[in-house]
Amino acid sequence: MESLQLRQREYLLQISRAMTAQLDLPSLLRLILNAAVEMLGGEVGMIVLRQADGRLAPQAVYGIPKSRLARLAPLLAEMAPLAESRWALPEVSLPLFSRAVGVPLRQVVHLPLHIGDESLGAIYVFRSGGAAFGANERQVLQSFADQAAIAVRNARLYEEVVTEKRQLDAIIENSAHGVLILTPDRRIQVINRALSAMTGWPAEEATGQPCWKVLALEHPPNQPDPCAADGLDVELPPGRSITVEGELTRPGGSRLTLRATYTPLYDDDGVLQHIIVNVVDITRFREAERMKSTFISVISHELKTPVALIKGYASTLRRADATWDPETLRDGLAVIEEEADRLNALIDNLLDASRIQAGALKLEMGDVDLPRLAQKVVQGFSTQTDIHRFELDFPADLPPVLGDETRLRQVLDNLVSNAIKYSPNGGVVRIGAWADGNEVTVYVADQGIGIPLDEQGRIFESFYRVDSGLRRQTKGTGLGLYLCKAIVEAHRGHIWVRSEPGKGSTFFFTLPVAGRRE
Ligand code: ADP
């Protein structure tokens, strides 16, 4: 008896050591089962565990040939319904079991594995002969059943933690917003994909860096920023977040406007554990706001000028106390008509711009004779200026292009009107084209003020106007080139500019040659 207890203790010790060494669950269960079978002088044993679908599946077997395992499944499936109540122990029929495993068995002892009121499965030990299992043996088995239950429980908890961590990692990694997890001394512990993309810092390089290196937002001073170089002084009291907005310059030089929210995580003892940083790219939002306010100021200015002129002339002309000679009357009415036309053109441009933004620019395609179109455009403008000379430069064999004539006229009108507007000292405005394969390239060149290189990329944006002295004197909404670009691109062409400040600008755009549709 003494030695039995000693052996049992030894086994249990061995099992708890294996548990602390975090042996995997199948090996642990095998160890426990072997010990139990040996202690009880059994020949066959098994530990079955309840699966998520309620079925029982053997997790460890002893004395059952591998080739017989498949025969156990139907037997276990039949046992499962008996174990519906959480406490009922799955009974096993000895004759059926003996036949399945190919060993004649006479005695069985089994005990449930449970933790609290959760039943996890059962452990079975079988003997082919000898006396029935007694209360003592049951007790011995109980200690192994308890160990097995703890092992299963630990493994499940561990699995849950691992699964949860994996899910959490996946959520953080794939979040559309940028996420950083910082240590209390503001170093980067975790950086997700979105933030790597925003900042241009690969995760492996960013990890461990102080946060100010990676998320160096430029913003007005005095804004408390936990990620600034002196950010350690910024306090993050429990339960509060700090939001910082600023601009970030990326490796290529492009800039983003970001909004970062810092939330501290404290433990139960009030010690700062981590800082979670959520970063949203608000560049487009800010851009839209900027456009809206530019839109309002440009439009109100551009609308007000003609309306004021119309109103001024109209009220002057209708004064009851004055009579006007026919010439004054005609001149006044001419101004009213001109300004009404300007208003009309502006409204058309606005409508076109909003159509383009809604993706609803429709083209009526046909063959367009560019030299004839350019001739018409030049005729329209030649009466408006004395200081500009127009030249046309089209080869005689230029093929017609495929396009929407009205829209293409709009492009040329805009380019020629700009060429005049931005050449206040006059000069030559040359319109020409050449064909190259399936493409015709059209150009409008002037000898005007030109466009600085760093502005050349932006002039095609809506409402964008170069901030020159002339800008304040010339009328314009910054919509002209935006519309040109949209129309040219709707023709599957592209538009660009070559310009040198003080010397002049040449705008180029391409169009497909007619009759060679793709
Ligand atoms: P708008 O002429 O109404 O201001 P555009 O979209 O047509 O708007 O042009 C945008 C800006 O590009 C203009 O404000 C001007 O600064 C610049 N620009 C356009 N065409 C020329 C040109 N031919 N020469 C110099 N600057 C030009």
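For the structure itself, look to the data block above.
Everything numeric in this text was worked out from a predicted model, so none of it was measured.

**With respect to the site of the ligand**
Okay, step 1: If you check the shell around the ligand, you find 19 residues, and the closest are Asn418, Asp446, Arg465, Thr477 and Leu481.
Okay, step 2: Here an oxygen atom of the ligand and a side-chain polar atom of asparagine 418 are 2.8 Å apart.
Okay, step 3: Counting only elements with at least two residues in the shell around the ligand, the list comes to helix H12 (405-421), helix H14 (480-490) and strand E16 (504-512).
Okay, step 4: Here the shell around the ligand takes three residues from H12, the largest share from any one element.
Okay, step 5: A breakdown of the residues in the shell around the ligand according to their chemical character gives nine nonpolar, seven polar and three charged.

**Some thoughts on the sheet that holds strand E2 (residues 56-62)**
Okay, step 1: Ordered by their spatial adjacency, four strands build an open sheet running E2-E1-E4-E3, and the pairing between neighbours is antiparallel. Lying at the two open borders of the sheet, with one neighbouring strand each, are E2 and strand E3 (107-115). Adjacent strand axes in the sheet meet at a mean angle of 20°, parallel and antiparallel pairs treated alike.
Okay, step 2: Where strand E1 (residues 44-50) and E2 come together, six bridges link them in antiparallel fashion. When the sheet's bridge partners are listed, methionine 46 is paired in E2 with valine 61.
Okay, step 3: Set on the sheet, helix H2 (residues 25-39) makes contact with E1, E2 and strand E4 (118-127); between it and E2 the angle comes to about 60°.

**A closer look at the packing of helix H11 (residues 370-382) against H12**
Okay, step 1: Across the interface, H11 lies against H12 with an axial gap of 10 Å and an inter-helix angle of 45°. Considering their axes alone, H11 and H12 lie oblique with respect to each other. The two elements H11 and H12 cross, and the hand of that crossing is right-handed. Touching Arg372, Leu373, Ala374, Lys376, Val377 and Phe381 of H11 are Glu405, Leu408, Arg409, Leu412, Asp413, Val416, Ser417 and Ile420, all from H12.
Okay, step 2: When grouped by side-chain class, the residues that make up the contact of H11 with H12 number eight nonpolar, one polar and five charged.

**A few points about H14**
Since there are 3.6 residues in each turn of an α-helix, residues three or four apart along the chain are aligned in direction.
Okay, step 1: Where burial is concerned, most of H14 is hidden: eight out of the eleven residues are buried.
Okay, step 2: Every buried residue belonging to H14 is among Gly480, Leu481, Tyr482, Leu483, Cys484, Ala486, Ile487 and Val488, and all of these are buried.
Okay, step 3: Remark: arginine 492 follows H14 within two positions and exhibits a positive phi of approximately 65°.

**Focus: unusual backbone geometry**
Okay, step 1: In this structure, arginine 186 is a non-glycine residue whose phi angle is positive, near 65°.
Okay, step 2: In this structure arginine 186 comes out as buried when scored by relative accessible area, which is 8%.
Okay, step 3: Unlike most non-glycine residues, asparagine 222 shows phi in positive territory, near 75°.
Okay, step 4: Structurally, asparagine 222 can be placed in the loop between helix H8 (211-214) and strand E7 (242-249).

**A look at the packing of aromatic side chains**
Okay, step 1: Applying the stated criterion across every chain, the model contains eight aromatic pairs.
Okay, step 2: For the pair tryptophan 434 and tyrosine 443, a centre-to-centre distance of 6.3 Å together with 40° between the ring planes defines the contact as tilted.
Okay, step 3: The exposure class assigned to tryptophan 434 is partly exposed, which follows from its relative accessible area of 37%.
Okay, step 4: With relative accessibility at 10%, the residue tyrosine 443 sits in the buried group.
Okay, step 5: Ring centres 6.2 Å apart and planes at 75° place the aromatic pair phenylalanine 460 and phenylalanine 507 in the edge-to-face group. Taken as a pair, phenylalanine 460 in the loop between strand E14 (439-445) and helix H13 (469-473) and phenylalanine 507 in strand E16 lie far apart in primary sequence, 47 residues in all.
Okay, step 6: Its relative accessible area of 10% is what places phenylalanine 460 among the buried residues.

Here is what the cut-offs are and how they apply
- Residues numbered from 1 in each chain as written.
- Predicted model: local features only at pLDDT ≥ 70, side-chain atom pairs only at ≥ 80, totals over all residues.
- Heavy atoms only, no water.
- Near = heavy atom within 4 Å.
- Polar contact = N/O pair within 3.5 Å; in protein donor to acceptor, adjacent residues only side chain to side chain.
- Helix = DSSP H or I, 4+ residues; strand = E, 2+ residues; numbered from the N terminus.
- Nonpolar A, V, L, I, M, F, W, Y, C, P; charged D, E, K, R; others polar.
- Pairing = 2+ DSSP bridges.
- Axes fitted to C-alpha atoms, helices over the stretch in contact; angles between N-to-C directions.
- Contact = heavy atoms within 4.5 Å.
- Parallel < 35°, antiparallel > 145°, perpendicular 65-115°, else oblique.
- Left-handed = near helix turned anticlockwise from the far one by under 90°.
- Buried < 20%, exposed > 50% of the residue type's maximum accessible area, 1.4 Å probe, protein only.
- Phe/Tyr/Trp six-rings, centres within 6.5 Å; stacked < 30°, edge-to-face > 60°.

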